[in-house]
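Each chain is listed here by its residues.
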Amino acid sequence: MTGFTEWINHGIPAITIGWDWELAGTDGKPCLLQTGIPGRNIMFVDQHGQDLGTEQTTAILVDWLKTFDWQTEILSDITY
């Protein structure tokens, strides 16, 4: 099973970050793994206001996704 999750803020400007995931698991315990490159409408900049570029922004977002438990909420919303 695969899916897509999108996080959207409620402020201005609107920020959206989306990522694909797949259902995996071991020992009968399901887990969700982020796959692919997160989509977004933002670009991070350095302290001088210079774009960090697509690769570095993507790496930061992938690391950010690892900092919170989005998997638990998604697993509670799906039936498998």
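Keep in mind the model is a prediction, meaning the values are calculated, not measured.

Procedures and definitions
Residues numbered from 1 in each chain as written. Predicted model: local features only at pLDDT ≥ 70, side-chain atom pairs only at ≥ 80, totals over all residues. Heavy atoms only, no water. Core = buried A, V, L, I, M, F, W, Y, C linked by side-chain atoms within 4.5 Å. Buried < 20%, exposed > 50% of the residue type's maximum accessible area, 1.4 Å probe, protein only. Helix = DSSP H or I, 4+ residues; strand = E, 2+ residues; numbered from the N terminus. Contact = heavy atoms within 4.5 Å. Pairing = 2+ DSSP bridges. Axes fitted to C-alpha atoms, helices over the stretch in contact; angles between N-to-C directions. Polar contact = N/O pair within 3.5 Å; in protein donor to acceptor, adjacent residues only side chain to side chain.

(A) Representation of the nonpolar core within the structure. In this structure, Ile17, Trp19, Trp21, Leu32, Leu61, Leu65, Trp70, Ile74 and Leu75 together form the largest nonpolar core, which totals nine residues. When residues of this core are traced back to their parent elements, those giving at least two are strand 2 (16-26), helix 1 (54-65) and helix 2 (70-77). If we skip the residues at most four places from it in the chain, Leu32 touches Trp21, Glu22, Leu23, Trp70, Gln71, Ile74 and Leu75.

(B) Inspection of the sheet that holds strand 1 (residues 2-8) at higher detail. The antiparallel open sheet is built from three strands, whose spatial order is 1-2-3. Strands at the two margins of the open sheet, each flanked by one partner only, are strand 1 and strand 3 (29-40). Taking each pair of neighbouring strands and ignoring which way they run, the sheet shows an average axis angle of 30°. Relative to strand 2, strand 1 runs antiparallel, the two sharing seven bridges. Pairing of Phe4 across the sheet is with Asp20, part of strand 2. Strand contacts of helix 1: strand 2 and strand 3, with the helix running at about 155° to strand 3, the strand carrying the most contacts.

(C) Molecular detail of the side chain of Asn9. Inspection of the secondary structure assignment puts Asn9 in the loop between strand 1 and strand 2. For Asn9, the side chain forms a polar contact with the main-chain oxygen of Pro13, separated by 3.4 Å. Beyond its immediate stretch of four places on either side in the chain, Asn9 contacts Ala14 and Ile15.

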